[in-house]
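As a plain string of letters, each chain reads:
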2 protein chains.
Amino acid sequence: MTASLLDRRSVLGAAYRLFYAEPLALVRGSGVEVFDVAGRRYLDAYNNVPVLGHAHPAVVEALTRQAGLINTHTRYLHDTILRYAEALTATFPDPLNHAMFTCSGSEANDLALRIAMTVTGGTGVIVTENAYHGVTALLAGMSPSLGIGTAPQVRTVPAPDSYHQSGDVGAAFGAAVAAAAEDLRRSGVQVAALLVDTTFASDGIHVGPVGYLDAAVAAVRAAGGLFIADEVQGGFGRSGKLWTFLHQPGLVPDLVTLGKPMGNGHPVGGVVTRKDLLDVFGARSRYFNTFGGNTVSAAVGLAVLSTIQSEGLPDHAATLGVDLAAALDGLRRHAVVGDIRGIGLYHGVELVTDRGTKAPATALAKAVMDEMARDGILIGVCGIASNTLKIRPPLAFKAPHVTELVTALDRVLTRLA
Amino acid sequence: MTASLLDRRSVLGAAYRLFYAEPLALVRGSGVEVFDVAGRRYLDAYNNVPVLGHAHPAVVEALTRQAGLINTHTRYLHDTILRYAEALTATFPDPLNHAMFTCSGSEANDLALRIAMTVTGGTGVIVTENAYHGVTALLAGMSPSLGIGTAPQVRTVPAPDSYHQSGDVGAAFGAAVAAAAEDLRRSGVQVAALLVDTTFASDGIHVGPVGYLDAAVAAVRAAGGLFIADEVQGGFGRSGKLWTFLHQPGLVPDLVTLGKPMGNGHPVGGVVTRKDLLDVFGARSRYFNTFGGNTVSAAVGLAVLSTIQSEGLPDHAATLGVDLAAALDGLRRHAVVGDIRGIGLYHGVELVTDRGTKAPATALAKAVMDEMARDGILIGVCGIASNTLKIRPPLAFKAPHVTELVTALDRVLTRLA
């Protein structure tokens, strides 16, 4: 009766996509290892959602314990959501000491924008050229990487890309944001927010030098808009700090959005922001999310955050990230490797057909990703031309895994490039 | 360090709201009973999310088992999501045999509208006067019950209310939808969808006679739009059938949205629709929801649906619903009871200050709800004037609970009215 695994379109429809030329059917996992139906082991160097590692016992324990007691919503009082909100907001600089909870990063970005639009009275939003911010109707209109265009009140700017741009990427990014805000103003649209993934993942992973966001943030604020740091991909320790924006001294976003790793796979997202913004939003509208911040989600979120902190995973990501960067650097001997960049345990390897022109080696990148999967190692691709290999493992990644990953990548590049 | 439970605004902000004059801090539950921090027991006659009952062992087991194996997303193959999608779509009439999965009813309604807008090329949406369809920016603009107005491309129509309207409510509803579609057309807006909660819960619970939706659905289709049945509140057996729209012979929605009870509290939502609509949507855009349809959510959803079916909960709701309606009917001896209506285990008791004018007894309804909570029984209020008592228990509700509920309601009405 069951549709064959590969024939899933017959029941899930035409909008779903699969990874890899030979899609994988994963049935169990532990740490950074996953196993398919045939028992074959893969090293997971791609999935950021299981940030603690697959099937982590602290998450299973929290799920089981709280689901066995009660799973209710935020219209009743419960201690766990408060303990979680306090533990979470304690990791942010003042005045970011309020949290709201959702079921996904999409709902978090959507809520942050609703708050920003309510507070500013504007609807204009500035995002990067190949941004991805989520699946709601609002966010699809400001996620150009989906390939369906952008909404009329959205303006796009190039990401601060130190490989393809010359000069001061921060200054250029700031000028582009200022011009976008001015273009919105001329169109009669008040800017509500600059919304950026602080790792610029869909744009190819660009975490720039100290201060590289300052001009852009100043420009949007000068135009009356807010700065929303989308930490859905970059948050929860991967960068070497708990939040990627913390690498930028003095930078305090107006709103920060959270998702993917927040529940280690359990559907949890959130917005961290200032009291004054929620006072305005709360006076205008109530907010109730049936599942957002429910007792089980709060217990799981608290378990994930506590484990990240008790295991020192941000420091681990910082330390091992240096080793990862050093190991990846050896791949520069392959002429197709145009650039290697990243932070902590989040790196991109951009493949080009010509180092002079930096023309994207898109087909090669896909072939490398597929061949790596055949060799038992999971990575992805990202970037405007989908030519940047995306390395983003669970933070249970250890030194031997770095060696295994980079050795395999070296071998595959030798084979294919 | 922890904010006192009641002082949660200091960390959650101003947009959250609590139930009851004396808010409850619930710490455990079982079946239809919940218990507060002091150990006091409450009969839950309100929460539809824990459809099987609080902390149901089948849900805890599915969560624990699958979370201990692996929690991955839909870019890998997995048998469970297919078995769940097949089991789910098997409960719908042809040609509704495709399913997509989200984390919430909000994400489901948002996705259904994106599909409808893509397929029809329109943006216009028709909803009822006091509708609530979710928290995303798109849905907030078509949820007038939030009190923040509606988006420009939205038109509202009165719900088919057999208490306040005279004559054929279905014909009136159809005429109102036709007029709204025509008004959109005159404004240069193509209608994409008529979106209705098939229990009209926010409008006060109105499940009308056979055929009462037919004229409205015909009208929106004649104008080139689709009919989206929002079964987020009414779905999963409460009405006496698995889906409330199944009470309408021959009525086949274009899209059906699911949420709240779908995971018994686990964040799961979904859209069930036709192949041809997803072919158009899928050709235009890919859809990926990080947590939607993940292996744990699919396992939980399958466990909930299987338990609903194996325990015969729709039939139970139908049978016990007749007893509930009969017991509630005795309350008509109170002059403040203007109307009693509903279906299965979903009933409303509308309170009025005057049976002739049907003027709403809004303050009394809130007082009755609060006094019921003091007496240990949880109910809610709904309706345009918030004067309809909302009775919507977990389907683990049994005959003695009906007696306990209605006896208490009789006592409280005697005390307060």
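Just so it is clear, the model here is predicted, and its values are computed rather than measured.

## Concerning the overall build of chain A
Of regular secondary structure, chain A possesses 12 helices and 16 strands. Relative to a compact globule of 417 residues, whose C-alpha radius of gyration would be 22 Å, chain A shows 21 Å and is just as compact. Seen through its C-alpha atoms, chain A measures out along the principal axes to roughly 60 × 55 × 45 Å. Counting over 417 residues, chain A shows a buried share of 65%. Counting only contacts in chain A whose residues sit at least 6 apart along the sequence, the fraction spanning at least 24 positions is 71%. For chain A, the exposed area adds up to about 12,900 Å²; of that, 55% sits on carbon and sulfur atoms. Counting 33 positive and 36 negative side-chain charges, chain A places the centres of these two groups 4 Å from one another.

## Structural notes on the interface of chain A and chain B
Each partner contributes to the interface: chain A provides 95 residues, whereas chain B provides 95 residues. Our count for the chain A to chain B interface comes out at 0 salt bridges. Linking chain A with chain B are 39 residue pairs in polar contact (both at pLDDT 80 or more), by the criterion used here. With 7 residues, helix H3 (residues 79–89) of chain A is the single largest residue contributor to the side of chain A that touches chain B. The class makeup of the residues in the side of chain A that touches chain B is 50 nonpolar, 30 polar and 15 charged.

## What about unusual backbone geometry?
Look at the link from Asp 94 of chain A to Pro 95 of chain A: it is a cis peptide, with omega at 0°. With phi around 50°, Ala 55 of chain A is a residue other than glycine that occupies positive phi space.

## Some words on the sheet that holds strand S5 (residues 124–128) of chain B
Residue and element names in this part refer to chain B. If you trace the 7 strands from one edge of the open sheet to the other, you get S4-S10-S9-S8-S7-S5-S6, paired in mixed fashion. On the outer flanks of this sheet lie strand S4 (98–102) and strand S6 (154–157), each paired with one strand and no other. Taken over all neighbouring pairs, the strand axes of this sheet differ in orientation by 20° on average, direction set aside. Pairing of S5 with strand S7 (residues 191–197), which is carried by 3 bridges, proceeds in the parallel orientation. Each residue of the ladder has a partner; that of Ile 126, found in S7, is Leu 194. Strand contacts of helix H7 (residues 214–222): S7 and strand S8 (226–230), with the helix running at about 160° to S7, the strand carrying the most contacts.

## Section: the packing of helix H2 (residues 57–69) of chain A against helix H9 (residues 295–310) of chain A
Residue and element names in this part refer to chain A. The geometry of H2 relative to H9 is characterised by a closest axis approach of 9 Å and an angle of 155° between their N-to-C directions. The angle between H2 and H9 falls in the class roughly antiparallel. Between H2 and H9 lies a crossing whose hand is right-handed. Note on element contacts: H9 touches H2 through Thr 295, Val 296, Ala 299, Val 300, Ala 303, Val 304 and Thr 307, opposite Ala 58, Val 59, Ala 62, Leu 63, Gln 66 and Ala 67.

## What to know about the packing of aromatic side chains
Within the structure shown, the criterion is met by 20 aromatic pairs over all chains. Ring centres of Phe 173 of chain A and Phe 200 of chain A lie 5.6 Å apart, and the angle between their planes is 85°; this geometry places the pair in the edge-to-face category. In this pair, Phe 173 of chain A sits in helix H6 (residues 169–186) while Phe 200 of chain A sits in the loop between strand S7 (191–197) and helix H7 (214–222), placing the two residues 27 residues apart along the sequence. The two residues Phe 173 of chain A and Phe 200 of chain A agree in class, both being buried. Summarising the aromatic geometry, the rings of Phe 92 of chain B and Trp 243 of chain B are spaced 4.7 Å apart at their centres and angled 20° between planes, so their arrangement reads as stacked. One end of the pair, Phe 92 of chain B, is in the loop between helix H3 (79–89) and S4; the other, Trp 243 of chain B, is in the loop between S8 and strand S9 (255–258), with 151 residues separating them in the sequence. On the basis of relative accessibility, which here comes to 7%, the residue Phe 92 of chain B falls in the buried class. Lying across the ring of Phe 288 of chain A, Arg 75 of chain A places its NZ or CZ 3.9 Å from the centre.

## Some remarks on the sheet that holds strand S5 (residues 124–128) of chain A
In any sheet, the strands associate via hydrogen bonds between backbone groups, in a parallel or an antiparallel arrangement. All names here are of chain A. Within the open sheet, the 7 strands sit side by side as S4-S10-S9-S8-S7-S5-S6. Their pairing is mixed. With partners counted over all chains shown, the strands left at the sheet margins are strand S4 (98–102) and strand S6 (154–157), one partner each. Direction aside, the axes of adjacent strands within the sheet are offset by 20° on average. Pairing analysis gives 4 bridges linking strand S9 (residues 255–258) to strand S10 (residues 269–273), with the strands arranged antiparallel. Among the inter-strand pairings, Val 256 is bridged to a residue of S10, identified as Val 272.

## Concerning the packing of helix H11 (residues 362–374) of chain A against helix H12 (residues 399–416) of chain A
All names here are of chain A. Across the interface, H11 lies against H12 with an axial gap of 10 Å and an inter-helix angle of 125°. Between H11 and H12, the angle is such that the two are oblique. For H11 against H12, the interelement crossing comes out right-handed. Together, Leu 364, Ala 367, Val 368, Glu 371 and Met 372 of H11 and Leu 405, Ala 408, Leu 409, Val 412, Leu 413, Arg 415 and Leu 416 of H12 make up the contact between the two elements. Class assignment for the residues of the contact of H11 with H12 results in 10 nonpolar, no polar and 2 charged.

## Some thoughts on the relation of the copies chain A and chain B
Mapping chain A onto chain B calls for a rotation angle of 180° and an axial translation of 0.0 Å; the resulting RMSD is 0.0 Å. Overall, the copies show the geometry of a two-fold rotation axis. Counting the interface residues of chain A, we find that 100% of their copies in chain B are interface residues as well, pointing to one common contact surface.

## Structural notes on the domain arrangement of chain A
In many reports, interface size means the accessible area that the parts give up when they come together. Residues and elements named next belong to chain A. One can read the domain layout of chain A as domain 1 (5–52 + 312–416) and domain 2 (57–310). Of the residues lining the interface, 34 residues belong to domain 1; the matching set on domain 2 comes to 32 residues. Carbon and sulfur atoms supply 60% of the area that domain 1 and domain 2 bury against each other, a total of about 2,600 Å² over both sides. The three residues of domain 1 that bury the most area against domain 2 are Leu 52, Ile 343 and Tyr 346, which together make up 24% of that side's buried surface. The interface formed by domain 1 and domain 2 holds 0 salt bridges in total.

## Comments concerning the side chain of Lys 260 of chain A
As for its position among the elements, Lys 260 of chain A is in the loop between S9 and S10. For the buried residue Lys 260 of chain A, which engages in no salt bridge, the nearest side chain bearing the opposite charge is Asp 230 of chain A, 8.6 Å off. Separated by 2.5 Å, the side chains of Lys 260 of chain A and Thr 290 of chain B make a polar contact. Not counting chain neighbours up to four residues away, the residues in contact with Lys 260 of chain A comprise Asn 48, Val 49, Val 232, Gln 233 and Gly 265 of chain A together with Thr 290 and Phe 291 of chain B.

## Considering the pattern of salt bridges
Applying the stated criterion across every chain, the model contains 44 salt bridges over all chains. The salt bridge involving Asp 375 of chain A is made with Arg 411 of chain A; its shortest N-O contact spans 3.3 Å. Note that Asp 375 of chain A is positioned in the loop between H11 and strand S14 (377–378) and Arg 411 of chain A in helix H12, a separation of 36 residues in sequence. Owing to a relative accessible area of 40%, Arg 411 of chain A belongs among the partly exposed residues under this scheme. In this structure, Arg 186 of chain B engages Glu 182 of chain B in a salt bridge whose closest nitrogen and oxygen atoms are separated by 3.6 Å. Of this pair, Arg 186 of chain B and Glu 182 of chain B both sit in helix H6 (residues 169–186), 4 residues apart, which is roughly one turn of that helix. Glu 182 of chain B sits in the partly exposed class, given a relative accessible area of 29%. When salt bridges with common partners are traced through the structure, they connect Glu 22, Glu 371, Arg 374, Asp 375, Arg 411 and Arg 415 of chain A into a single cluster.

## Regarding the environment of Pro 360 of chain A
With respect to the secondary-structure elements, Pro 360 of chain A resides in strand S13 (residues 359–360). When the C-alpha positions of Pro 360 of chain A and Ser 386 of chain A are compared, they lie 8.1 Å apart, and in sequence the two are 26 residues distant.

## Things to note about helix H11 (residues 362–374) of chain B
All names here are of chain B. The end-to-end C-alpha distance of H11 is 19 Å, a good match for the 18 Å that 13 residues give at a rise of 1.5 Å each. Burial in H11 covers these residues: Leu 364, Ala 365, Val 368, Met 369, Asp 370, Glu 371, Met 372 and Ala 373. Those residues of H11 hidden inside the fold are in contact with strand S3 (41–44), strand S12 (346–354), strand S14 (377–378), strand S15 (380–382), strand S16 (388–391) and helix H12 (399–416).

Rules behind the numbers
Residues numbered from 1 in each chain as written. Chains lettered and ligands numbered in written order. Predicted model: local features only at pLDDT ≥ 70, side-chain atom pairs only at ≥ 80, totals over all residues. Heavy atoms only, no water. Helix = DSSP H or I, 4+ residues; strand = E, 2+ residues; numbered from the N terminus. Rg over C-alpha atoms; globule rule 2.2 N^0.38 Å. Buried < 20%, exposed > 50% of the residue type's maximum accessible area, 1.4 Å probe, protein only. Contact = heavy atoms within 4.5 Å. Areas by Shrake-Rupley, 256 points an atom, 1.4 Å probe, with all protein chains shown as cover. Lys, Arg positive; Asp, Glu negative; His and termini not counted. Charge placed at Lys NZ, Arg CZ, Asp CG, Glu CD. Salt bridge = Lys/Arg side-chain N within 4 Å of Asp/Glu carboxyl O. Polar contact = N/O pair within 3.5 Å; in protein donor to acceptor, adjacent residues only side chain to side chain. Nonpolar A, V, L, I, M, F, W, Y, C, P; charged D, E, K, R; others polar. Pairing = 2+ DSSP bridges. Axes fitted to C-alpha atoms, helices over the stretch in contact; angles between N-to-C directions. Parallel < 35°, antiparallel > 145°, perpendicular 65-115°, else oblique. Left-handed = near helix turned anticlockwise from the far one by under 90°. Phe/Tyr/Trp six-rings, centres within 6.5 Å; stacked < 30°, edge-to-face > 60°. Lys NZ or Arg CZ within 6 Å of the ring centre and 35° of its normal. Least-squares fit on C-alpha atoms with pLDDT ≥ 70 in both. Domains from an automatic or database assignment. Buried area = accessible area lost by both parts, 1.4 Å probe. Expected span 1.5 Å × (residues − 1).

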